[in-house]
Amino acid sequence: MSDILCRWLNLELGLSKVVEPHSFSKDFSSGYLLGEILSRYQLQDDFQHFTKNGTASAKLNNFTRLEPSLQLLGVAFDLGVAKSVMRGQPGAATRLLYQLYVLLQKKKRSGLTGTAMETMQPTATTRLHRIENHIYNQRLRGVVKREVDERMQKITQRFDRRAQEGFGRSVMLELQQEEKRRHLQEERRLQDIQKLQQVRRKQQEMMECIQTAAVQIPKPPVSRSLRAPRKRQQHEAQSVHQQIAQFEKNRKRLSPASCGPAALSVQVTRAVSEDEMAQWNSDYVQKIRQRLEEDANAREQREKRRRRALIQQLHTHHTHEEMIREEQLIGRLMRQSQQEKRMAVQLMQIRQQKEVLRQNRILQQRQFEEQRLADLQQILDQEAMVLEQTRLERQEELCKERELHARLAAERAQSKHQKHLNICRGILDQIVDLATKSAEYRLLTANVIPGKMLREWKELYFSGEPLYDGVKVEQEVEVEKQNILNQQDYSEYTNMTGEWAWPEEEGEIKAPPPNNDILGHVVARLQDIVNPPGPGDPPPLFPSFTLRACVLGKLCSGKTSCLTRISQVHGIHILSAEVLIQEALEAHQAGELDPERDPNSESQEKKESSGSEEQVEEGAELPAAADSEPAANDPQPAEPLKQHSNTKRSLRAQYGAEVEKVLKRGGAVSDELLIDILIHAIRQVPEGQGWVLDGFPISVSQARLLEKALSGTDPDQADRKRRNKRPNLAKDRNAPKAPPPPSPALHLAVLLQVSEEQVVDRAVRRSPEQVREENAAPAEDTQQRAPPAGEHTLIQHRIAEFQEAWPKLEKWFGEKQRILVKVSAELDEDSLFSSVESVLYNAINTTQKESLGHNDTEDNPSVQSAESGGAAGHTSVAVEEACSPTPGSVGWVYADEPLPKEIPEFLVGYWETVCSSYDSSVKVVMQNLRSERNLIIHHLYNTREDYKQFLQRPDLKQECVCVWQRDFNSVPDNMRHDEETKTELHQRLDDLRECLWDICDKRKEEAEQKRAGVMEDGWLEDHTGLLINHYSTLLQVEVDRFQDTLNVLRDYYTGMYRTALPEAAEFTCIPLLDITDNDTQPNGTTAGPSPGSAPLEKHTRSAGKKEAEPEEKKNENKKTRVVPLVEYRSPPTDPSVLLQDIHHTALTAITNMASVEVQRLECEANEEQHITTDKAQTHTEGSAARRSATKKSAKKKSPPTPVKQPTPPPAAPVEESPEEVQRRAVRSRIRLEYSTALQHEECAVRQRMELVKLHALKTVQSIQHRAERTHTDLQEWLNHRFTSEINSIDRLAEVVKFHIEGGLKITHELVLESTDFFIDGETRMLPTPPPQPRPPPLERTNDSTLTVLQLHGLLAQLHRIAPAGLVSSKELCEFLQELTSLTMGSDALPEPWTNITDSQLQELVCMLVQDSGMVNWRQFLLSAAQPWPRPSQKQLLKTLRRFREMDTEARGVLTLQQYTQVELWFSGGRDVSVPDDTAEPLSYDRLTHLKQFFFMLFSDPDPTPPVLDYLTMLLYFCCHPDPAHGFTRALSLLTQHHLQHTHTGTSTLLKSVLYMDGGEECEAEEEDDGVYDEGDSVSLDELLRVLNHGRTLTTSHHNKHTNNTEDMKQDLIKVFKDLGFDPEEKVPFSILSQHLFLQDLMESSNQYLLADIHTVLQLQKSEEEPSVFTS
């Protein structure tokens, strides 16, 4: 590879440097040679900017410029590859060069340039590469170090090295000193050791001297006898005496009397007296004696210890000797018993020898027999050894089989996983493409994705087609994509759905035009005439079977054993393909003949043979097996049938001969032949019995062939018809419906489910004979033939075959035929037999029930005929009684007169051409519309992007600023504070601003010119014209369809009663727009269709004329269609007007064609009427004259002028023959049918053309709107750019003015970059932002108090539940429970409300519930809205007066506007303190918002605008903790007088509301300031109004009252009478309130009870706090 690369680089490219394989890493580390390679292929335009040296900056520059070109080529080049190449890692440059070499050779062969490759890339991919390039550059700068950094690193390393050396030197000095110190310590330690050794040596010498000087007393020898101690004592005593004697001798010799050396001692001791010497001697002797005594005692003690040890040794010795004696005794006894045994054996042997000698002959015979038995046993042992060896080999093979199974299972699982992974990867890629496509559209248009485009992407996604159109997409895939989208658009267009739905803006939405039933009948009749339907093939005849089933499963799943047992028990025939093939072979080898042969059977067999041939021919279309030979696939069942007539052999033998031929050729038995064998075996099953197929079929092709052979129907026929279906624009409603799908040929298909591990285990447990039998069976077909290998290979092969074929079989039997039943086979034999038996039994019962029901319907044909006859009679009567049907309706009888043969043959082909042309033309137009849509979207996007780039082009403002700043700083410092200098500098600043403004103005003018050029380039107008041409083409297609349909109908109906057909008019051409720039062709004509339009070539002659004219005239009459053109560019015309004109032209053409045909029909009818009138007039003149007149009229072909006679003489009526009357009726019926069909087609084409016009107008307006929005965006970008530049110039001027006034130099660099102003290029100057608006006031939750916003939410929900205002207590409890549970953790309710318990909730509801069980939720919300100022009676009356003053019309209601103008008893909008911090909101005015809430609570929302009954509202506010007090307040409000009632029985708890703010003050004010009228009276109506407030229903404690107003009224009348007043009179309240009944009513009036809800919630909180402390 390195040689190839060197040859390519040095010879072909001729690089500037000769490279060698060993120097790749070094030569290409700088990237210069890589850029030179790319520049040779014209892929690196900026090669002149490459740097050749190997510095870090050069590498950074080169590899930054290399990355886009490498990405364009498709090289896997990232930061890691660049790093490895720059660092010269081995092999990195070689791999990169090899990739470059391969890709550049491909590019060279394709002939593409770099620009072409960039152009072909999708926009999204280009943008992604741009982003990746930016990221790569940033990361590369971080990886590659600058030269300054490298130098600094080297300097740092050098100084670090020096520092380390200095540090090392200092450390070594310390180490040397420490080593010296350690050495001295070691020397001292050695000296001390030597001294110690010397001391120890001296001590040892002294000890040796002492030891030598000591007297050694030898120890007595150890004697084993008892006398040894005594002898040793005597010897010791003797030695002691001898020593003493010796000592005495020595002493005497050393005495003073002696001479020699003793003389000196005498002289020395002469001073010692003799007495002292004697004393000393005696002491010395005494010491010796004492020592001798001690030695004697010591010897005695030693003797005692020695004696004790000897005694112990003696005892041990005696014990050991005793054990030895016992062992010797036992050995002696054992030897004696063995000798006795040997003697007994010898005696027995002698006895046997004697017996042998006597029976010599008998023993010889026995020996011979034993020899034979031994030989036999040896043989058996050898066989056992062989069997054991075989068993071991079998176990080894089984182990191999298990390993193979595990490996194959793992491979299958891996392949399945890989398959699923690929599917998931494909789906994920499609999802990513869909998301990218959506993002790309949003990027291009910044709009919501339209539904049409989403439907297109969805269709492509579900079809598995790629969404992007790139170079890698093959042509076939692109064609398939277009076909899918075209079909989708075509279906939407024809069905008027999706994008082609009728616009809602047009008023009534129109449905698609209905089917033309007359045209459908005409087309169907013509097709039946040309291709008459033939009779279907009769189904094959089989006996009636109780069961037709098959049992499938893997190898060793128990099929055969279970079915064999079922056959023995129930007598069901089991058909196995292997057994049948074997029987056929045996029949052939045995030469089996057909004993029962007669002519009838021969004819039947011929029929069967023909049927089998047809089956084989149809089955031959199915795909054959992959490994079957061609000879095996040829259908050959006909050959044995030919031999049958000659040899009279049985059919089974003939099949066996065919099987033998196939097997001899080494092939597999074909599916067709196998099906024939099975069908023959099925015919042999007796009638009334059942049969089951064992392990067949094993493939879908076999299942299809079996279904076809048993039922006679082709299961693939419907699919083929659906695939080959041609487009048809008219359907026959009366066409015969397709027959229902036939029932499956099999009643049941059973699958025995077993795992693969179980299969292997069962195969292991099988005997070798069973294995050999199974392997010896002939192969059924290609799928069952295993390769010649071991048994384990065969098992795995069959398992793999079943797994490969079963999914298709499961789909066939399960989804299509629905006869599949799965049974678990991982059971014992008995359980499996029971399961399969029950399944088969259920199938037999179901089959018998269906056959009985079918027989009942067949046994009563009279009932069916009577029912059908009755229905037919009823239909005929209904038709007769009804009005005359219209053409094409259900009761219409079509005119089916005979036609000439050539007319149907031509019209059928002509109609098929019309349908296919319409289909293809519409799809071509739809494809063109899609392409134009995409082109326009991309053009507008490119326009915006180009304009953005144009606005961001560089300018010369910064150069002007730099020059001005340099001049400004050149002014001396001492002159800057001079006023004249400041004035001069200000003038210079103004000049700079003028210069900068001129640059901005010039750039703005250039941008405006650019925008004007974009708007006037004419591209959008040209493509709008193309769109109009496409829609014109679609209108042309509709016009052509109408004209073609008209020709077909005219030729069909005219051919029924005329021989000469009318000539067809020339086809109408819709004008197209001329969008070309050249004027070479004349205006208004062209030689063909417009660009992009569908092919619109049609026949221009009618059917009859085409048949009548000779070939020469046909060729002469062929003309090229002339398409008129309309000027589009000059003068410019509104596209909407052009579309209206084109649509009007098409409608005019349709109207003219229809009117011409209608006039022609009217002329024919008038002509026929004139002929009939003429015949009537000539009949009165006589028979002869009538005949002559008739002949003349027939010759002249013109009716005579009718002669009118005022008083014609009575003449006999004209008698017309029935044939003429019928012929005239048929012609009138034909004309009626034709006109109706023509009218229907005209309405349909008008509707479709109107839809095309509306769609075209909508599309053109959408394009214009997009273009206008694009142009507006361009203008806004331009204005924003210009304004930003002006603002940056102003900010620059402010900074400069500050320095001028301060007399300072501008030390910082002023930078004007684009629309921004920077100082030193880093600090950006921005205008001061405006202050943030103050946030709106927000009410904060306070304990259990509901905010106004929460009150509004409760109001809306309660109004939705019970609009009338009353809700049951149960519903209210459920509502509050659900509300508190759903709003947990939110701000919908305060925390005490969300933590309320069920008991407290029940208590809260019971406080408000009325006697009827209902709750007024307005009263509940009023109580829940506390705290609010509770009004006194005086305040209520004043408020009522204010409401009535505002209600000028005295209607009793107020609107919201009037309500807000009335002041209530409390005033909102108090003085609110405004915080200084604008970020803090204003304080919340709760009373003002509560006032608005009260209007919403008590108003009626049904009127517009909502109105408030203020009296009802004030009655609600009369509520009080004491209901009697509230009742009194309400009555005072109605009477408009202050009433007082003192009630002593009210609980003190109800009289105080601690939670209300100001409640007690209001009551005190009411008691002090209120003036009560004791004499004020109350009427009966006022009492009823107060009691009926809120629709309350009350019950007394003492008396039971009814629940209606009338009963209440009667009770109150009775009270009035008890008090002595009439009902019409008013009763003083002081008297009335003393009545017990009224007191009871007042105390039980819960509608005036102001419940203290907060007390309940506070009680809950107080109950929770002690529990916390106790815990």
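Residues numbered from 1 in each chain as written. Predicted model: local features only at pLDDT ≥ 70, side-chain atom pairs only at ≥ 80, totals over all residues. Heavy atoms only, no water.

So, about the packing of helix α45 (residues 1433–1446) against helix α49 (residues 1523–1535). Axis separation between α45 and α49 bottoms out at 10 Å; the angle between their running directions is 35°. Between α45 and α49 lies a crossing whose hand is right-handed. Between α45 and α49, the residues in contact are Q1433, L1436, L1437 and L1440 and T1528, R1529, S1532 and L1533, respectively. Of the residues in the contact of α45 with α49, the class split is four nonpolar, three polar and one charged. (Axes fitted to C-alpha atoms, helices over the stretch in contact; angles between N-to-C directions. Helix = DSSP H or I, 4+ residues; strand = E, 2+ residues; numbered from the N terminus. Left-handed = near helix turned anticlockwise from the far one by under 90°. Contact = heavy atoms within 4.5 Å. Nonpolar A, V, L, I, M, F, W, Y, C, P; charged D, E, K, R; others polar.)

A few words on the pattern of salt bridges. Under the criterion given, the structure shown has 35 salt bridges. Of the charged contacts, one joins R1248 and E1038 as a salt bridge, the two residues approaching to 2.8 Å between their closest N and O atoms. Of this pair, R1248 sits in helix α39 (residues 1218–1302) while E1038 sits in helix α34 (residues 1019–1057), placing them 210 residues apart in sequence. Neither R1248 nor E1038 differs from the other in exposure class; each is buried. The closest approach of N and O atoms between E1157 and R1050, which form a salt bridge, is 3.2 Å. Linking E1157 in helix α37 (residues 1135–1179) with R1050 in helix α34, this pair joins segments that are 107 residues apart in sequence. By relative accessible area, E1157 is classed as buried at 6%. Residue classification places R1050 among the buried residues on the basis of a relative accessible area of 3%. Taken together, the shared-partner salt bridges connect D955, K957, R1003, R1281 and E1285 into one network. (Salt bridge = Lys/Arg side-chain N within 4 Å of Asp/Glu carboxyl O. Buried < 20%, exposed > 50% of the residue type's maximum accessible area, 1.4 Å probe, protein only.)

An order of β2-β3-β1-β4-β5 is seen for the five strands of this open sheet, with the pairing classed as parallel. Where the open sheet ends on each side, the last strands, each with one partner, are β2 (573–576) and β5 (820–824). Across the sheet, the mean angle separating the axes of adjacent strands is 25° when strand polarity is ignored. Relative to strand β4 (residues 748–753), strand β1 (residues 547–553) is paired through five bridges, and the arrangement is parallel. (Pairing = 2+ DSSP bridges.)

Together, I423, I427, L428, I431 and V432 line one region of the surface with nonpolar side chains, adding up to about 420 Å² of accessible area. Relative to the helices and strands, I427 is located in helix α13 (residues 360–445). Looking at I427, the relative accessible area reads 39%, which means it is partly exposed. (Patch = residues over 30% accessible without salt bridge, like charges linked within 9 Å, V, L, I, M, F, W, Y side chains within 5 Å. Areas by Shrake-Rupley, 256 points an atom, 1.4 Å probe, with all protein chains shown as cover.)

The next thing to look at is helix α12 (residues 274–358). The end-to-end C-alpha separation of α12 is 122 Å, in line with the 126 Å expected for 85 residues at 1.5 Å each. Restricting attention to buried positions, one finds in α12 the residues N281, R299 and E303. (Expected span 1.5 Å × (residues − 1).)

We now examine the sheet that holds strand β13 (residues 1453–1455). What the three strands build is an open sheet, ordered β13-β15-β14; its pairing is antiparallel. Looking at which strands have only one partner, the edges of the open sheet turn out to be β13 and β14 (1499–1500). With two bridges joining them, β14 and strand β15 (residues 1507–1509) adopt antiparallel strand pairing. Bridge pairing in β15 links D1500 to V1507.

Residues R302, K304, R305 and R308 make up a contiguous surface patch of positive charge. Topologically, R305 is positioned in helix α12. (Lys, Arg positive; Asp, Glu negative; His and termini not counted. Charge placed at Lys NZ, Arg CZ, Asp CG, Glu CD.)

A separate point is the pairing of strand β3 (residues 690–694). A large share of β3 lies buried, amounting to five of its five residues. Residues of β3 alternate between two faces, with G690, V692 and D694 on one and W691 and L693 on the opposite face, all of them buried. Pairing between β1 and β3: five bridges, direction parallel. Across the sheet, the residue bridging to C550 is L693, located in β3. The pairing of β2 with β3 spans four bridges and is parallel. The residue bridging H573 from the neighbouring strand is W691, located in β3.

Moving on, we get to helix α8 (residues 123–143). Taking 1.5 Å of rise per residue, 21 residues should cover 30 Å, and α8 covers 30 Å from first to last C-alpha, within 8% of that figure. Among the residues of α8, those classed as buried are N133, Y136, N137 and L140. Seen from one end, α8 has its buried residues packed into an arc of 100°, which puts them on one side. Exposed residues on α8 whose side chains face more than 90 degrees from its buried face are R139 and G142. In this structure, the buried side of α8 is in contact with α4 (56–73) and α5 (79–86). (Arc of directions from axis to C-beta.)

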